[in-house]
Amino acid sequence: METQIVSVCLNLTHASSVCCCSDICKQFLDQPIYTTRAHVFQIDPNTKKNWVPASKQAVTVSYFYDSSRNSYRIISVDGSKVIINSTITPNMTFTKTSQKFGQWADSRANTVFGLGFASEQQLSKFAEKFQEVKEAAKLARDKSQETVETLSNHSQESGRETPSTNQASSINGTDDEKISSVGPEAALLKSENERLKSAIELSNTNTKKWETELQTLRENNARLVDALQESSANVETWKKQLSVCKEESDTLREKIKDLEAQCNEADQEKQKNLQLTARVQELEAELQDKEQELENLRKQAEIIPQLMAECESITNKLQAAETKNQELEGRVEGLQGDIDDSRQKQGNMKVELKKFMDVLDGKIDELHEFRQGLSKLGLDN
């Protein structure tokens with residue numbers, strides 16, 4: 001990872017040809033305080049409400065101590081791009097917004113960072129480490145302020161002692177004589193004086209830098225407050241718009257219900273029209289059939305006189321046939337009487353035939369007995 005950061009520093013530069021992450025290069029000479037992996041997000045600078053992914057996948061996020069500035073930072077690098085370089089201040093707060101997501105605002109970078117973790121335990125561990133580092137940053141700031149105050153006190157005391165030394169030198173002789181006469185103590189005092197002056201200049205420089213940073217923080221804080229107020233106003237506006245949209249949605253739903261009812265009625269009317277159209281077509285077909293039948297009847301009416309003549313002829317023939325039928329019925333009755341007589345005669349003949357058959361059977365039996373008697377006689381002889 002150190003090699004990766006160094007390559008990033010070699011590739012990324014400002015317009016002034018100074019490494020954009022030189023501070024990071026210094027820090028990465030030491031081991032990180034804590035390292036984890038997470039998906040990195042940043043707040044959208046335009047809307048101040050949407051999250052923009054800063055990495056396509058989970059990347060390494062680490063806490064580092066910057067010994068040159070006596071500060072703590074959160075560093076994350078994705079390939080050759082530094083996506084997080086946030087200096088932790090005692091005023092920062094890490095907020096858990098869900099079970100696996102947390103965020104903090106960096107006023108110096110004028111943005112809000114968000115981290116999405118794989119588990120709730122990783123989020124809790126990162127939050128605990130953030131609190132520890134924030135306390136350490138607070139202690140480092142207090143210690144730095146004490147050092148500055150001590151240096152200021154030393155410089156004031158040195159300023160008060162310098163006039164008496166100059167007065168002694170003017171009394172005793174020239175500066176060269178003073179140096180030669182005072183000896184090593186004056187040289188030590190002078191070196192101490194120079195060191196204190198350098199410390200005061202450094203303190204003044206740091207003070208100006210801190211004042212600049214403080215002004216920047218105030219401006220960023222004001223911008224964040226404005227953004228928060230704007231967001232709150234937008235929330236109210238969105239709530240109103242949401243209520244209006246709900247009302248419009250309810251109205252549209254009612255209209256949709258009415259339209260659906262009208263559509264159902266239209267479908268029913270359409271169905272009725274289809275039924276009526278089918279009925280009309282059936283009636284037209286029946287009318288055509290009736291017209292065809294009427295045409296056939298007209299054709300048949302033209303041959304009615306001929307049919308009437310034929311009917312009269314047939315009637316005469318029928319009357320003649322009835323006359324013949326009556327005659328035939330008389331003949332049939334006569335024949336029926338003859339048949340009855342013949343049946344009666346046939347019955348009488350059957351009776352007589354039966355009697356004859358009985359007599360014949362008796363004669364045959366007698367003849368049979370006679371033949372048996374003859375046979376016996378022949379055997380006896």
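Residues numbered from 1 in each chain as written. Predicted model: local features only at pLDDT ≥ 70, side-chain atom pairs only at ≥ 80, totals over all residues. Heavy atoms only, no water.

Under an unreviewed UniProt entry, the name given to the chain is WH1 domain-containing protein, and the source organism is Sphaeramia orbicularis. A UniProt comment under Sequence similarities (unreviewed entry) is attached to the chain, and it reads "Belongs to the Homer family." (UniProt positions renumbered as here; feature names shortened; annotations may be inferred.)

## A short note on the overall build of the chain
Each helix and strand in the chain was counted, giving six helices and eight strands. If you list the helices and strands of the chain from N to C, you get α-α-β-β-β-β-β-β-β-β-α-α-α-α. Considering the chain as a whole, with its 381 residues, one finds that 19% of them fall into the buried category. A sequence separation of at least 24 residues applies to 54% of the contacts in the chain between residues at least 6 apart. For the chain, the exposed area adds up to about 28300 Å²; of that, 53% sits on carbon and sulfur atoms. (Helix = DSSP H or I, 4+ residues; strand = E, 2+ residues; numbered from the N terminus. Buried < 20%, exposed > 50% of the residue type's maximum accessible area, 1.4 Å probe, protein only. Contact = heavy atoms within 4.5 Å. Areas by Shrake-Rupley, 256 points an atom, 1.4 Å probe, with all protein chains shown as cover.)

## Considerations on the nonpolar core
Membership of the largest hydrophobic core comes to 24 residues, with the highest contact counts inside it found for Ile-74, Trp-104, Leu-115 and Phe-126. Listing elements by their share of this core, those giving two or more residues are strand E1 (34-43), strand E3 (59-66), strand E4 (71-78), strand E5 (81-88), strand E8 (111-116) and helix H3 (120-172). It is H3 that provides the largest number of residues to this core, a total of six residues. In contact with Phe-126, not counting residues within four places along its chain, are Tyr-34, Thr-36, Val-61, Tyr-63, Ile-74, Phe-94, Trp-104, Leu-115 and Phe-117. (Core = buried A, V, L, I, M, F, W, Y, C linked by side-chain atoms within 4.5 Å.)

## Here we look at the packing of aromatic side chains
Taken as a whole, this structure holds twelve aromatic pairs when the rule is applied. An aromatic cluster of three or more residues is present, and its members are Tyr-34, Tyr-63, Phe-94, Trp-104, Phe-113, Phe-117, Phe-126 and Phe-130. (Phe/Tyr/Trp six-rings, centres within 6.5 Å; stacked < 30°, edge-to-face > 60°.)

## Re the confidence of the model for the chain
With 82% of its residues at a pLDDT of at least 70, the chain reaches an overall mean of 80. For the stretch residues 161-182, pLDDT sits under 50, and the model shows eight contacts to residues farther than four places along the chain or on other chains. (pLDDT = per-residue confidence, 0-100.)

## With respect to a nonpolar patch on the surface
Judged by side-chain polarity, Leu-353, Phe-356, Met-357, Leu-360 and Ile-364 come together as a nonpolar surface patch covering roughly 460 Å² of accessible area. Overall, Met-357 belongs to the partly exposed group, its relative accessible area being 38%. (Patch = residues over 30% accessible without salt bridge, like charges linked within 9 Å, V, L, I, M, F, W, Y side chains within 5 Å. Salt bridge = Lys/Arg side-chain N within 4 Å of Asp/Glu carboxyl O.)

## What about the environment of Ser-107?
Mapped onto the secondary structure, Ser-107 falls in the loop between strand E7 (101-106) and E8. By relative accessible area, which is 18% here, Ser-107 ends up buried. For the pair Ser-107 and Arg-223, spaced 116 residues apart in sequence, the C-alpha to C-alpha distance is 9.1 Å. Setting aside residues up to four positions removed in sequence, Ser-107 forms contacts with Leu-217, Asn-220 and Leu-224.

## Examining unusual backbone geometry
If you check the backbone angles, Lys-48 has positive phi at about 60° while not being a glycine. Turning to its location among the elements, Lys-48 is positioned in the loop between E1 and strand E2 (51-53). Judged by relative accessible area, Lys-48 falls into the partly exposed class, the value being 29%. Unlike most non-glycine residues, Asn-110 shows phi in positive territory, near 55°. Secondary-structure assignment places Asn-110 in the loop between E7 and E8. A relative accessible area of 26% means that Asn-110 is categorised as partly exposed.

## A closer look at the pairing of E4
With seven of eight residues buried, E4 lies mostly within the body of the structure. As judged from the six bridges shared by E3 and E4, these two strands associate in the antiparallel manner. Across the sheet, the residue bridging to Tyr-65 is Tyr-72, located in E4. As consecutive antiparallel partners, E3 and E4 are separated by four residues, and within that stretch Asn-70 has a phi angle of approximately 55°, a positive value. Both E4 and E5 contribute to a ladder of seven bridges, which runs antiparallel. When the sheet's bridge partners are listed, Arg-73 is paired in E5 with Thr-87. (Pairing = 2+ DSSP bridges.)

## Structural notes on the side chain of Thr-111
The topology assignment puts Thr-111 in strand E8. In contact with Thr-111, not counting residues within four places along its chain, are Gln-42, Ile-43, Ala-105 and Asp-106.

## Here's the deal with the pattern of salt bridges
The tally for this structure, following the rule as stated, stands at four salt bridges. Close ionic contact of Arg-279 with Glu-282 constitutes a salt bridge, the shortest N to O distance being 3.3 Å. Remark: Glu-282 and Arg-279 occur in helix H5 (residues 184-302); sequence separation between them is three residues, near one turn of the helix. Judged by relative accessible area, which is 44%, Glu-282 ranks as partly exposed. Ionic pairing is found between Glu-295 and Arg-298, a salt bridge with its closest N-O pair at 3.9 Å. Placement of the pair is Glu-295 and Arg-298 together in helix H5, with a separation of three residues, close to one helical turn.

## Overview of a negative patch on the surface
A cluster of acidic side chains, namely Glu-247, Glu-248, Asp-250, Glu-254 and Asp-258, defines a negative patch on the protein surface. Within the fold, Asp-258 resides in helix H5. Overall, Asp-258 belongs to the partly exposed group, its relative accessible area being 46%. (Lys, Arg positive; Asp, Glu negative; His and termini not counted. Charge placed at Lys NZ, Arg CZ, Asp CG, Glu CD.)

## Focus: the side chain of Asp-44
Checked against the element boundaries, Asp-44 lands in the loop between E1 and E2. Nearest to the buried, unbridged Asp-44 among oppositely charged side chains is Lys-49, at 7.5 Å. Those residues in contact with Asp-44 that lie beyond four places of it in its chain are Lys-49, Asn-50 and Val-52.

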